[in-house]
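# Structural description and commentary
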There are 4 protein chains.
Amino acid sequence: MKCYELQGPSGIDGLALVDKPVPTPGDGEVLVRLKAATLNYRDLITVKGGYGSRQKFPLVPVSDGAGIVERVGPGVREFAAGDRVIGSFFEGWIGGEPSEAKMRSALGGSVDGVLSEYRLFPKHALVRTPEHLSDIEAAALPCAGLTAWSAVTKLGGVRPGQTVLTQGTGGVSLFAIQFAKMCGARVIATSSSDAKIERLKKLGADFTLNYRTTPDWGKKAREWSIHGVDLVVEVGGVGTLNESIRAVRIGGTIAFIGVLAGPPPPDLRLPLMVMQQQRLQGVTVGSVEDLQAMVDAITVNGMKPVIDRTFRFDQVRDAFAHMESGAHFGKVAIEIG
Amino acid sequence: MKCYELQGPSGIDGLALVDKPVPTPGDGEVLVRLKAATLNYRDLITVKGGYGSRQKFPLVPVSDGAGIVERVGPGVREFAAGDRVIGSFFEGWIGGEPSEAKMRSALGGSVDGVLSEYRLFPKHALVRTPEHLSDIEAAALPCAGLTAWSAVTKLGGVRPGQTVLTQGTGGVSLFAIQFAKMCGARVIATSSSDAKIERLKKLGADFTLNYRTTPDWGKKAREWSIHGVDLVVEVGGVGTLNESIRAVRIGGTIAFIGVLAGPPPPDLRLPLMVMQQQRLQGVTVGSVEDLQAMVDAITVNGMKPVIDRTFRFDQVRDAFAHMESGAHFGKVAIEIG
Amino acid sequence: MKCYELQGPSGIDGLALVDKPVPTPGDGEVLVRLKAATLNYRDLITVKGGYGSRQKFPLVPVSDGAGIVERVGPGVREFAAGDRVIGSFFEGWIGGEPSEAKMRSALGGSVDGVLSEYRLFPKHALVRTPEHLSDIEAAALPCAGLTAWSAVTKLGGVRPGQTVLTQGTGGVSLFAIQFAKMCGARVIATSSSDAKIERLKKLGADFTLNYRTTPDWGKKAREWSIHGVDLVVEVGGVGTLNESIRAVRIGGTIAFIGVLAGPPPPDLRLPLMVMQQQRLQGVTVGSVEDLQAMVDAITVNGMKPVIDRTFRFDQVRDAFAHMESGAHFGKVAIEIG
Amino acid sequence: MKCYELQGPSGIDGLALVDKPVPTPGDGEVLVRLKAATLNYRDLITVKGGYGSRQKFPLVPVSDGAGIVERVGPGVREFAAGDRVIGSFFEGWIGGEPSEAKMRSALGGSVDGVLSEYRLFPKHALVRTPEHLSDIEAAALPCAGLTAWSAVTKLGGVRPGQTVLTQGTGGVSLFAIQFAKMCGARVIATSSSDAKIERLKKLGADFTLNYRTTPDWGKKAREWSIHGVDLVVEVGGVGTLNESIRAVRIGGTIAFIGVLAGPPPPDLRLPLMVMQQQRLQGVTVGSVEDLQAMVDAITVNGMKPVIDRTFRFDQVRDAFAHMESGAHFGKVAIEIG
């Protein structure tokens, strides 16, 4: 079988297509023939060595994949050959609260990922693909989808009638718009591009803001939502945090997702956060049980993820370069099989 | 001003239209010119003396009303003449957990209700009517609407992708279907009439069941929802409880609303409830803050309550008789002003 | 190795001591040399065939055991020979919400139990024994202890200052008193014996009631707790439910544990439950993660379970007979090794 | 009657003792003869003008007071002359979620405070003083006590067996130790003084750390608590935040209380917070219903607040100076009547 491998933090050019034997499923394992993968910004950082010296190498990169069960190992009654499946971001976080041990199993990070024609999954790390989704659409869900789901429903607890603010047009933000609408919420979406703003409206955004032309968008968002936004899905990192704090209502939540570091602004409004009893909630994807709950929600509501563009398996470097350009709207996908 | 008054538990015929002076708003009070009211089954029981000897008489019956602010008393800055408003079911339950003191203020029960041309409300017991609703539609919300809202969102905690089962076509059940869909849930709705079932489908029900022709509907519902129903909105009382317990998943909830008493069946499946870690949750309307949250949700989602038929103020007895007949689908309304 | 086995629902006399080979731990398995077990009422029902025709036979009965790791299988880094451990009631409910699949793994019910000198456990179904507990005390925790823990902390959410009511002197009730006090709550405990009431006071009960001499104890408990009891740990089944409903405050909870069936009283106060927005919450033990949380709490607070009497491994029938007599106060234990 | 008044942000020396007529209770109002007050750091900031130009002047400063009901206005049945009572920090936040309107009623900030022989309270803003507390002890509760209570129980959700870390020996921190122990938690307490550390141990701290001699106390705390601290009660502001993030477990909470501003460190570990799904939760005192819940907990557990030193009413300036010196351990009190 063919798979991509990184020997070190070599950047996109270091992605090498190699040959390996197809593995055999052991006790409780499932061999999946991968059909599609999608990229997350985190995969780009990994490829470029952004996670430092503790990163495992060699590494099969990329966390998000979907495919078809090829064969099951002993003791697997939950799946059979031919089943369409999605792999969980964390192999070892089945349910409950997160922990260090559970999180030491991220695909394309702590363990090998999905840029491969075949991969073994523990049976408890797979969920079935909804009928209405293609393999490419299914492959869009594990990281960005579940992160947005956790932010909006599980940690954000959004109810009908509440207001959710999203930032930009990355994968997590588009999913957050779709899930917030699914929850009956009002959505305020920001972007720096008027063309993209039109697409955000089509996706369901009730209000939109160009944060370039309206740098004090937090104030505007607060006005529109009367008492303030209930949940900001913050993907911009510390740079946008001040406007987010301004947008959020008293007692509201900022779901904090951005992986971008950088020093915080000297006037970071943490004292205001305290006085307003606000909550800054880190979000790190979710468990297999959370993935199942999200897939159920997607099924019941016939939701489809936004796919920007699909590359062939031999175009993986182009796919990464496209993601790096920032021109995409939705997920960058790779067709494997 | 004209208002209806009951001198005792005299039944529908005892409803007398009387004349009274228009009251003057005191400190923190708001005088509302009522435009519409709607009936709940509980109002019928009250009129017929079903709540026993502790019922206050004389009584202006009926809890649910909406209208226009006529005048405000000293210290009221929250409302002004001309504002369209809805009255809360409980005057004294503003927010937080319920308590005996807070619940000792139910309109048309502990205190006078809304079958009146004018009524004084404490300022904290009113919320604004959404623009897209008529006064009649607004008057449909305080009791049945808020009960369904509390059952589905606040106490039931329904999330997208979950399954909610509703029973019949009473006010609470229709609202529960609408709120469950607003939450992104799948709805299984039951009725004894195939004609009504068609209307339930139009309201959004994903699956329907005729409980007359399918007496073991609980089993069927469990199958459809794979692991069992997440929330049953139980309005049938102890008679239907056994099928509800059968329908609900392990760890699921039965929101218990039925006011109907009667002895429980000798084979009541409480032991099964325990073994399945299920929850039977009594629901009693909600607070003014809950009402505001529901009204926000209705506004954001442009939802409209189902009105069966509207009677004139001089036809109140006919309205009660119509409700008693059980032929209605949705709320029975009275146009007051 | 020696172990007890039941060939069918033969009652206590059918408990036979048999010889079997010591099993070998496979992948992810741990061989435990059991040192102690304790009995639960549920074990007595099992032995007497009370769970009907679906009960697995032959069966090694009894769910609750503790011992010492003898040897670990491949892939087990979490435990080593010599570690003192406690087995979880459910082998397959590791964390998160319960489900049918997770609950199909109850020791001494769906799978073999602990009345055996050795037993294999999956590594994820064990937690470490706190240093301050003997093996016998540790063996008291898995079923009755965790049921009380789930009722009081996880499902009951008891906070300092709240009032918890317990019934009688069975294992769950004594643990509930201890956990309620650990949570900073006030405890009202009932019993039919004045001698036992003295022991309940020593265990921490703030108020006590003899339910034989005070049959309307629900009213009394409501008075003592001012607004009503926050949580009743109901172990008496449908027979005591009416008094429990009376005792509980508006918005309060009845954690329902009793395995006893029997028809409900014709005047069952479910309508009152609804009007008071009360919650009847079934409780079914808990997960391995819950067990770990409870063990942490027991460790931090130096808590010791109440052991009534310890029998030798060849006195298992006497132990069951002692439990059946109802004379015990606390857990009936068996020393195995 | 005598009361202290500030004409502007004049500092401690601007505190002037003036004479005013005793007010008369109106509808729903209660006249309280204040017996004691205690100081919070926030009162010192107010006196020194630290809250900027929006501060109301003239102002009767200080939020925390307790006393005896002198007389009640019309419509007050909840209290009678002679009742011992405590005033809520916010007059208008009765229950439920916080909001701008509810928070616009902080004593000694938005409205006049308690450094006065008499004060009118709305009846819903008072709770009864527990019998086992003196008026001085009762006056210690409204701000620091309720802030700690909200942080530990309501927002922190601390359960028995969890680990709570507190910082220093200010009022909130000492209350947090007491409440955490009341919840059955393990407490790690830090201080810069070995003498104070001895007193922290006596108050119940299980582990202590001198943050001066152990500047990387976060790492140490994480080790002691095995998987990390469940809740840090952060009062040090952004300066200590990095060590707090280090101390907290994956999925844990930092309750953020410090009113101290100042620029954040350039290496603020917010990305680590995200990766560990941690939560930074602002805490702003609480509602009257929260105050009642805390007072219930204090009553049931016979808890006593730590009073450092009591000043006479004519020594208010000395009391403020003592607080400013930082030498205190526990609350600085003023005996009024």
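An unreviewed UniProt entry lists chain A under the name NADPH:quinone oxidoreductase, with Bradyrhizobium icense as the source organism.

### Observations regarding the interface of chain C and chain D
Opposite the 15 residues of chain C that make contact, chain D presents 15 residues. Considering only the side of chain C, the residues that lose the most area to chain D are C:Arg159, C:Pro160 and C:Val300, jointly responsible for 41% of the buried surface there. Our count for the chain C to chain D interface comes out at zero salt bridges. Where chain C meets chain D, there are four residue pairs in polar contact (both at pLDDT 80 or more). Per element, the largest residue contribution to the side of chain C that touches chain D is four residues, and it comes from helix H10 (residues 288-300) of chain C.

### Some remarks on the domain arrangement of chain A
All names here are of chain A. Domain boundaries assigned for chain A yield domain 1 (2-145 + 285-335) and domain 2 (156-282). If you average the C-alpha positions of domain 1 and of domain 2, the two centres end up 28 Å apart. Counting residues at the interface gives 21 residues for domain 1, matched by 14 residues for domain 2. Summing the contributions of domain 1 and of domain 2, the shared interface buries around 1,300 Å²; its carbon and sulfur component is 76%. Among the residues domain 1 hides against domain 2, the three largest losses belong to Ala144, Met303 and Phe329. Together they make up 44% of the total. Counting the contacts that link domain 1 with domain 2 gives zero salt bridges. On inspection of domain 1 and its partner domain 2, the count reaches three residue pairs in polar contact (both at pLDDT 80 or more). Among the elements of the structure, helix H1 (41-47), helix H4 (141-154) and helix H10 (288-300) are those that each provide at least two residues to the side of domain 1 that touches domain 2. Tallied by class, the residues present in the side of domain 1 that touches domain 2 amount to 14 nonpolar, five polar and two charged.

### Focus: the relation of the copies chain A and chain D
Relative to chain D, chain A is turned by 180° and slid 0.0 Å along the rotation axis, the superposed coordinates differing by an RMSD of 0.0 Å. The transformation relating the two chain copies, once decomposed into turn and shift, fits a two-fold axis. Minimal C-alpha separation from the rotation axis in chain A is found for A:Leu280, amounting to 2.4 Å.

### What about the side chain of D:Gln162?
Residue and element names in this part refer to chain D. By the secondary structure assignment, glutamine 162 is in the loop between helix H4 (141-154) and strand E8 (163-167). The exposure class assigned to glutamine 162 is buried, which follows from its relative accessible area of 11%. Those residues in contact with glutamine 162 that lie beyond four places of it in its chain are Gly157, Ala185, Arg186, Asp230 and Arg249.

### A look at the pairing of strand E4 (residues 64-72) of chain B
All names here are of chain B. In this sheet, E4 lies alongside strand E3 (residues 29-38) in antiparallel orientation, the contact comprising eight bridges. Residue pairing for E4: threonine 38 is matched across the bridge by aspartate 64. The sheet contact formed by E4 and strand E5 (residues 84-87) spans three bridges and is antiparallel. Counterpart to isoleucine 68 in the pairing with E5 is arginine 84.

### Points about the packing of aromatic side chains
For the structure shown, the criterion picks out 24 aromatic pairs over all chains. Between A:Phe175 and A:Phe179, the ring centres sit 6.0 Å apart and the planes meet at 15°, which makes this aromatic pair stacked. Of this pair, A:Phe175 and A:Phe179 both sit in helix H5 (residues 171-182), four residues apart, roughly one helical turn. Here A:Phe175 falls in the buried class, since its relative accessible area comes to 2%. Judged by centre distance (5.2 Å) and plane angle (90°), the ring pair of B:Tyr4 and B:Phe313 falls under edge-to-face. With B:Tyr4 in strand E1 (residues 2-5) and B:Phe313 in the loop between strand E14 (307-312) and helix H11 (316-325), the pair connects residues that are 309 residues apart, well separated along the chain. Note on B:Phe313: relative accessible area 9%, which makes it buried. Taken together, the ring pairs in this structure connect A:Phe89, A:Phe90 and A:Trp93 into an aromatic cluster. The ring of A:Phe121 carries A:Arg119 above its face, with NZ or CZ at 4.5 Å from the centroid.

### Some points on the relation of the copies chain C and chain D
For the pair chain C and chain D, the best superposition has an RMSD of 0.0 Å and corresponds to a rotation of 180° with a translation of 0.0 Å parallel to the axis. Of all interface residues in chain C, 100% are interface residues in chain D too; the two copies therefore contact each other through one and the same surface.

### Structural notes on the interface of chain A and chain D
Contacts between the two partners involve 36 residues from chain A and, on the opposite side, 37 residues from chain D. Notably, a salt bridge pairs A:Arg249 with D:Glu97, separated by 3.5 Å at the nearest N-O pair. The tally of links from chain A across to chain D stands at 10 residue pairs in polar contact (both at pLDDT 80 or more). Elements supplying a minimum of two residues to the side of chain A that touches chain D: helix H2 (100-103), helix H8 (238-247), strand E12 (248-256), helix H9 (270-275) and strand E13 (279-282) of chain A. Among the elements that take part in the side of chain A that touches chain D, H9(A) stands out by supplying five residues, more than any other. Class assignment of the residues belonging to the side of chain A that touches chain D gives a composition of 23 nonpolar, nine polar and four charged. For E13(A) and strand E13 (residues 279-282) of chain D, the ladder comprises three bridges, and the chain directions are antiparallel. Counterpart to A:Leu280 in the pairing with E13(D) is D:Leu280.

Calculation notes
- Residues numbered from 1 in each chain as written.
- Chains lettered and ligands numbered in written order.
- Predicted model: local features only at pLDDT ≥ 70, side-chain atom pairs only at ≥ 80, totals over all residues.
- Heavy atoms only, no water.
- Contact = heavy atoms within 4.5 Å.
- Buried area = accessible area lost by both parts, 1.4 Å probe.
- Salt bridge = Lys/Arg side-chain N within 4 Å of Asp/Glu carboxyl O.
- Polar contact = N/O pair within 3.5 Å; in protein donor to acceptor, adjacent residues only side chain to side chain.
- Helix = DSSP H or I, 4+ residues; strand = E, 2+ residues; numbered from the N terminus.
- Domains from an automatic or database assignment.
- Nonpolar A, V, L, I, M, F, W, Y, C, P; charged D, E, K, R; others polar.
- Least-squares fit on C-alpha atoms with pLDDT ≥ 70 in both.
- Buried < 20%, exposed > 50% of the residue type's maximum accessible area, 1.4 Å probe, protein only.
- Pairing = 2+ DSSP bridges.
- Phe/Tyr/Trp six-rings, centres within 6.5 Å; stacked < 30°, edge-to-face > 60°.
- Lys NZ or Arg CZ within 6 Å of the ring centre and 35° of its normal.

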